Amino acid sequence: MKKILFFFSALSLVYGSAAQNSGYMNFTTFGILAGTSSDENPAPLSVVMEHNYRIGNRWAPGIMTGIEQLNENLMPLALNLKFFIQAKKSTFFLAGLGGYSVSLEKPAIEGIKKARGGFLAGLETGWIIPVNPGAAV
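Residues numbered from 1 in each chain as written. Predicted model: local features only at pLDDT ≥ 70, side-chain atom pairs only at ≥ 80, totals over all residues. Heavy atoms only, no water.

A. Broad picture of the nonpolar core. Within the largest apolar cluster, eight residues are counted, these being M25, F27, A60, F84, F93, A95, I128 and A136. Going through the elements one at a time, β2 (23-32) and β6 (91-103) are the ones with two or more residues in this core. Residues V48, M64, L97 and L120 belong to the second largest nonpolar core, which totals five residues. (Core = buried A, V, L, I, M, F, W, Y, C linked by side-chain atoms within 4.5 Å. Buried < 20%, exposed > 50% of the residue type's maximum accessible area, 1.4 Å probe, protein only. Helix = DSSP H or I, 4+ residues; strand = E, 2+ residues; numbered from the N terminus.)

B. Quick peek at the packing of aromatic side chains. By the definition in use, this model includes four aromatic pairs. Centroid distance Y100 to F119: 5.3 Å. Interplanar angle 85 degrees. Geometry classified as edge-to-face. Of this pair, Y100 sits in strand β6 while F119 sits in strand β7 (residues 118-128), and the two are 19 residues apart along the sequence. Relative accessible area serves as the criterion here: at 31%, Y100 is assigned to the partly exposed category. (Phe/Tyr/Trp six-rings, centres within 6.5 Å; stacked < 30°, edge-to-face > 60°.)

C. Representation of the confidence of the model for the chain within the structure. Confidence in the prediction for the chain averages 81 pLDDT; 74% of positions are at 70 or higher. Within the chain, the lowest mean pLDDT, 42, falls on strand β1 (residues 15-16), and the highest, 95, falls on β6. Note that residues 7-18 has pLDDT below 50 and, in this model, 30 contacts with residues that lie over four places away or in other chains. (pLDDT = per-residue confidence, 0-100. Contact = heavy atoms within 4.5 Å.)

D. Looking closely at the environment of L77. Within the secondary structure, L77 is located in strand β5 (residues 73-86). Along the primary structure L77 and L120 are separated by 43 residues, whereas in three dimensions their C-alpha atoms are 8.7 Å apart. Once you skip the residues sitting within four places of it in the chain, L77 turns out to touch M64, T65, G99, Y100, V102 and L120.

Structure, rendered in structure tokens:
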């Protein structure tokens, strides 16, 4: 039951950001990572925060950090860049990121003494819908 409640609360809070045209923006993402049945965690959790500084109406460079639970806990650290396309009352964005995932614990697999993490890269797209002058979904 807890998993179902968490899933629906995560869906309702998929993206939060500042609904402004310049200055600091925070994007917070809650999610459940898709995987296979061979994964150690059946529904691995991901909580990521992006801290961007919006320059004008189009660009927002920033950094990303958070925690992701795959076979072991990882902390992604990355630089990102968002490009915004204004619509009437909402905003569409395209983004790319690149960085490194730091392993936070020793893996449970026999014979492996130390986890090293690894490089990460990604592309994302989204839609920002303002809720009030300081927040959006």
